[in-house]
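Per-entry structural report
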Amino acid sequence: MAGTFDISLDSLARRSVAPETVGTAGSSAGSSQNGATFFLETFGCQMNDHDSEKVAGVLLSRGYKQVESPDTASLILYNTCSIREKAAQKVFSRLGEYRTKQAAGQVIGVLGCVAQQEGEDIFERAPWVSLVCGSASYRKLPELLAQVEAGNQRVTGLDTDTDETFETPVTRRDNPWRAYLTIIEGCDKACAYCVVPFTRGPERSRASDSVLKEVRELAELGYSEVQLLGQTVNSYADPSSRRMRFSELLLAVADVPGMRRVRFTTSHPRDFGEDIVAALEREPKLCNHVHLPVQSGSTRVLREMVRTYTREEYVEKIAMLRQAKRPIAITTDIIVGFPGETEADFAETLSLLEEVRYDSLFSFKYSPRPNTPSLAMPDAISEEEKSRRLGILQEKQREIQSERNATLVNTKFDVLVSGKSRRENQWSGHTSCHRVVNFTSQERNLLGTYVRVQVIGAGANSLVGEQVT
Ligand code: 5AD
Ligand code: SF4
C-alpha cells in the first residue's frame, strides 16, 4: 500500500475498539447484563470498523461494559475480514489462542465476513465459539445475544436475504471529530474475485431522511466531518419516496449546519456520473478527494474481472474529474496477478498509473477466495511473480507520489487536527484532499480544530508544514 491516505477498505491492521465511549453511546431498554463485560477486536475495512461501533453500542445498551483485554471479558467478539486469504487465516489463529476461554466461562463470538463465509463450520473448527453472525444479520443481534446470555452454545445469524439495513440509535464512535455513516450495505456487483457480495449480501440503501437525521445528530454532538460508507457508495438508491440521488444526498449532508467536511467511499466507476462531479464543484464542504478503484489497466483483465467498464471508459471518468473547477485528488485500488494476467496486461496497469498519476493507491496481490468465479479460472500467477509485480507497481507509484507531493510545497491547506506528537509543538491531521500533514504550531489546544498550514516539505506519504494565520 502506498499509504498517503488512510481511507482504504483494506487497512487490515488489527485494531481493538478503545474502551472509552466517545460520542453517541445512548441508552436503551434491555440492560440485562449487570457486571458483564465485552472485548471487541476488529479486522478489515471501515465498514467493519463502523459495524463494530454499532455492535459496541448495542452491547453498551444491554448493560455490558467494554474492556481492553480479552482476559477480563465475559464476552469476546471478533469482527472479521475475509477479503484476502491472509486476513481470514488471521482470525483462525486468533481463535486458536482462545481455546481455553470457554472452559473458563468466557463466551466467544465471531462476527463479520469470515462468520458469513464459514458459517457453522466455525463451530467444528473452533468448538469453543458460541456465536457466529454475519453483517447482514446484525439487526438481530439483541435477539442473538439474548440466546447467548441464556447459555445457548451455538447461536447463528447467517441470513443474507434481507432488505433491511443495520440501524441503531446506540452507535458509539471511536473518533470524536470524524464519524462514519453507512448509507448502503452489501453489493450487487459481481466482480469475479470478490467475496463481498457473498459475505455482505445484496445492496440495501438507507432512507435519505434517516441518513440526514443521523447527520444532524452528529453535528449536534460536535462532529464536523462525516464519511459516508458503502462498498459501492455511489450506487446509493434512496428507498424512500424522496428518491434522492447520491449527488443530492451529498449536497444535503453538506448543508447540515455544523458539518464542515463530507467524504464518501468507495465509489464504483460504472455508477460515477457527472452529477457527482458537479456536486463536488458546487460545494466546497464536499472533500476534494475521490477513491475510484480501477483494479487493472488492461481492458482484457477488466473483462475477466467483470468490472463492467473498459480502460477507456474509466479514463473518461478520470478526465471528467480532472476537468472539475477545483482540483480533486484521485486514489485507487489495484490487484496484480489476477489469473491469466500477462506481462502485457501488467504493463498496461503501469501505463495507467503514468496516465492518471494517482495521488495514492492501495495495491494487492490477487488472493483466490471461496465462492468466487475467479477461483476456477486457469493460468494462476505464481506467488513469486505476484510479489515481483506488486513491488514494481509500488515503486512506480512511490515515484509518482513523491513528484506530486513535491509540487505542493509552499501551498496552504486547511487541516483538521487529529493527532499531537510527543515532540513539543508537533501536530498532525488531514487536508480535504486527505493528505496527512505533520506540522508545527505554538498553540496549546488544536485537537479537533481546523488550522491553516503552509507546506514546507513533502515525502511520498505525507507533507510537512507550519501553521500560518
Ligand atoms: N484478492 C486481492 N484483492 C482483492 N480485493 C478484493 N478482493 C480481492 C481478492 N480476492 C481488493 C480490491 C478491492 C479492495 C477492497 O480489495 O482491490 O477494491
Ligand atoms: Fe467486491 Fe466488486 Fe462489490 Fe467492490 S464492487 S465490493 S470489488 S464485488
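Everything below is about the structure printed above this text.
Figured I'd write up the structure that's included with this text. Note that this is a predicted model, so its numbers are computed, not measured.

A few words now on the site of ligand 2. Around ligand 2 lies a shell formed by Cys187, Lys189, Cys191, Tyr193, Cys194, Val196, Pro197, Gln231, Thr232, His268 and Arg307. In this structure, ligand 2 is accommodated by the largest cavity. For the shell around ligand 2, the residue count by class is six nonpolar, three polar and two charged.

A full pass over the atoms with the stated rule returns zero disulfides. Unpaired in this structure, Cys133 has its nearest cysteine sulfur neighbour in Cys113, at a distance of 12 Å.

What follows concerns the sheet that holds strand 20 (residues 463-467). Around the barrel, five strands lie side by side as 16-17-18-20-19; this closed barrel has mixed pairing. Across this sheet, the average inter-strand angle for adjacent strands is 50°, counted without regard to direction. Relative to strand 18 (residues 436-440), strand 17 (residues 426-430) runs antiparallel, the two sharing five bridges. Looking at the pairing, Gly429 lines up with Val437 of strand 18.

Note on placement: Leu111 falls in strand 5 (residues 107-111). Through-space distance from the C-alpha of Leu111 to that of Phe38 is 14 Å; in sequence the pair is 73 residues apart.

A few words on the layout of surface pockets. Estimates place the volume of the second largest pocket at around 390 Å³. Lining the second largest pocket are 14 residues; nearest its centre among them are Arg84, Glu85, Lys86, Lys365 and Ser367. Looking at the lining of the second largest pocket, the elements with two or more residues in it are helix 2 (85-97), strand 15 (360-365) and helix 13 (383-406). For the lining of the second largest pocket, the leading source of residues is helix 2, giving four residues. A class-by-class count of the residues in the lining of the second largest pocket yields six nonpolar, two polar and six charged.

Let's shift gears to the pattern of salt bridges. Taken as a whole and judged by the stated rule, the model has 35 salt bridges. In this structure, Lys140 and Asp159 form a salt bridge, with 3.0 Å as the shortest nitrogen-oxygen distance. Taken as a pair, Lys140 in the loop between strand 6 (129-133) and helix 5 (141-149) and Asp159 in the loop between strand 7 (155-157) and strand 8 (178-182) lie far apart in primary sequence, 19 residues in all. Exposure remark for Asp159: the relative accessible area of 38% places this residue in the partly exposed category. Glu424 is paired through a salt bridge with Arg444; the nearest N and O atoms lie 3.8 Å apart. Taken together, the residues span a long stretch of sequence, with Glu424 in the loop between strand 16 (412-420) and strand 17 and Arg444 in the loop between strand 18 and strand 19 (450-458) at a distance of 20 residues. The class of Glu424 is exposed, set by a relative accessible area of 57%. On the basis of relative accessible area, Arg444 is assigned to the exposed category, the value being 55%. Counted as one network, the salt bridges with shared partners bring together Glu341, Glu343, Glu385, Arg388 and Arg389.

Each value, and the rule that gives it
Residues numbered from 1 in each chain as written. Chains lettered and ligands numbered in written order. Predicted model: local features only at pLDDT ≥ 70, side-chain atom pairs only at ≥ 80, totals over all residues. Heavy atoms only, no water. Near = heavy atom within 4 Å. 1 Å grid on protein atoms, 1.4 Å probe; cavity = no way out; pocket = protein on both sides within 12 Å on 5 of 7 lines; lining within 4 Å. Sits in = over half its atoms within 2 Å of the grid points. Nonpolar A, V, L, I, M, F, W, Y, C, P; charged D, E, K, R; others polar. Disulfide = S-S within 2.5 Å. Pairing = 2+ DSSP bridges. Helix = DSSP H or I, 4+ residues; strand = E, 2+ residues; numbered from the N terminus. Axes fitted to C-alpha atoms, helices over the stretch in contact; angles between N-to-C directions. Points joined across faces, edges and corners; volume = space filled by probe spheres on them. Salt bridge = Lys/Arg side-chain N within 4 Å of Asp/Glu carboxyl O. Buried < 20%, exposed > 50% of the residue type's maximum accessible area, 1.4 Å probe, protein only.

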